Amino acid sequence: MSAEGHVEQKVLQYEHFINEVLRRDLQKVLEQRDSVYEKISQYLQLKNTIQTLQESGLQQLKTEVDLGCNFYVQAEVEDSSRIFVAVGYGFFVEMTHDEALRFIEKKTSQLTAFTEQLTKDSAKIKANIRMVLEGLRELQGFSDLPESRRDVF
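What this report covers is the structure whose coordinates are included nearby. This is a predicted model, so every value here is computed, not measured.

## Some words on the overall build of the chain
Counting secondary structure elements, the chain contains two helices and four strands. For the chain, the sequential pattern of α-helices and β-strands runs α-β-β-β-β-α. For 153 residues, the compact-globule estimate of 2.2 N^0.38 gives 15 Å, and the C-alpha radius of gyration of the chain, at 26 Å, exceeds that figure by more than 25%. Looking at the chain residue by residue over its 153 residues, the buried ones come to 20%. Contacts spanning at least 24 positions in sequence make up 54% of the contacts within the chain whose residues lie at least 6 apart. When the accessible surface of the chain is split by element, carbon and sulfur atoms take 53% of a total near 12100 Å². Side chains of the chain carry 19 positive and 25 negative charges; the gap between the two charge centres is 5 Å.

Here it is in C-alpha cells:
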C-alpha cells in the first residue's frame, strides 16, 4: 500500500469519526440541553401562574385542561390553594403554593446547573471536532487557514 493510499484511508477514518461519532454526540447533547431548557420554561410558567393566583386571592379558578392531542375541555377548580406539581419520573406531589414555589426554585437551579454542564460538554465536543479537522488538514498537507481578525471598534 502506498503512502498516499494510507493517508487517504486515515482521512476517511477521521471523517467517519467526525460525522458518525462526534457530530452525533454533539447533536444528542444539544437536544438534551434544549429539553432541559423546555422543562425550566415550564417550571417558570408554573411559578408565574402560582404568583398570579396568590396575588388575586381567588380560591375558585376556571381553566382549560389538555386531554391530549391538543383537545381541551373547560374545567372549574373549586379550591386552588393546593396544586399538583410534576416532580419527575411521572410523579406528581400535592403542594401548597409556598411549597411549590420553594420546590420550583430548587428545581430550576438544579436544571440550570445541568444545562451549564451540558453547554460545557458541547464545547468540549466542538473542540474535539476542531482538533480532528486540524489533524486532517495537517495529514492532507493543507496550509493553515488564516486567522480572521475582527475589529472591536
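## Quick notes on the side chain of R33
Here R33 is to be found in helix α1 (residues 3-56). Buried within the structure, R33 lacks any salt-bridge partner; D34 is the closest side chain of opposite charge, at an N-O distance of 4.4 Å. Contact partners of R33, with chain neighbours within four places excluded, come to T115, L118, T119 and S122.

## Looking at the nonpolar core
Across soluble globular proteins, nonpolar side chains show a tendency to be buried alongside one another. In terms of nonpolar packing, the biggest core is built from 22 residues, with I18, Y43, I50, V85, A100, F103 and I129 touching the most fellow members. For this core, the secondary structure elements donating two or more residues are α1, β3 (82-88) and α2 (97-140). Counting residues per element, this core draws most heavily on α2, which supplies ten residues. When near neighbours in sequence (up to four residues on either side) are disregarded, Y43 contacts V85, A86, V87, F103, I104, K107, T108 and L111.

## Focus: the environment of V85
On the secondary structure map, V85 appears in strand β3. With a relative accessible area of 1%, V85 lands in the buried category. Setting aside residues no more than four positions away along its own chain, V85 makes contact with Y43, L46, F91, F92, V93, M95, A100 and F103.

Scoring rules and cut-offs
- Residues numbered from 1 in each chain as written.
- Predicted model: local features only at pLDDT ≥ 70, side-chain atom pairs only at ≥ 80, totals over all residues.
- Heavy atoms only, no water.
- Helix = DSSP H or I, 4+ residues; strand = E, 2+ residues; numbered from the N terminus.
- Rg over C-alpha atoms; globule rule 2.2 N^0.38 Å.
- Buried < 20%, exposed > 50% of the residue type's maximum accessible area, 1.4 Å probe, protein only.
- Contact = heavy atoms within 4.5 Å.
- Areas by Shrake-Rupley, 256 points an atom, 1.4 Å probe, with all protein chains shown as cover.
- Lys, Arg positive; Asp, Glu negative; His and termini not counted.
- Charge placed at Lys NZ, Arg CZ, Asp CG, Glu CD.
- Salt bridge = Lys/Arg side-chain N within 4 Å of Asp/Glu carboxyl O.
- Core = buried A, V, L, I, M, F, W, Y, C linked by side-chain atoms within 4.5 Å.

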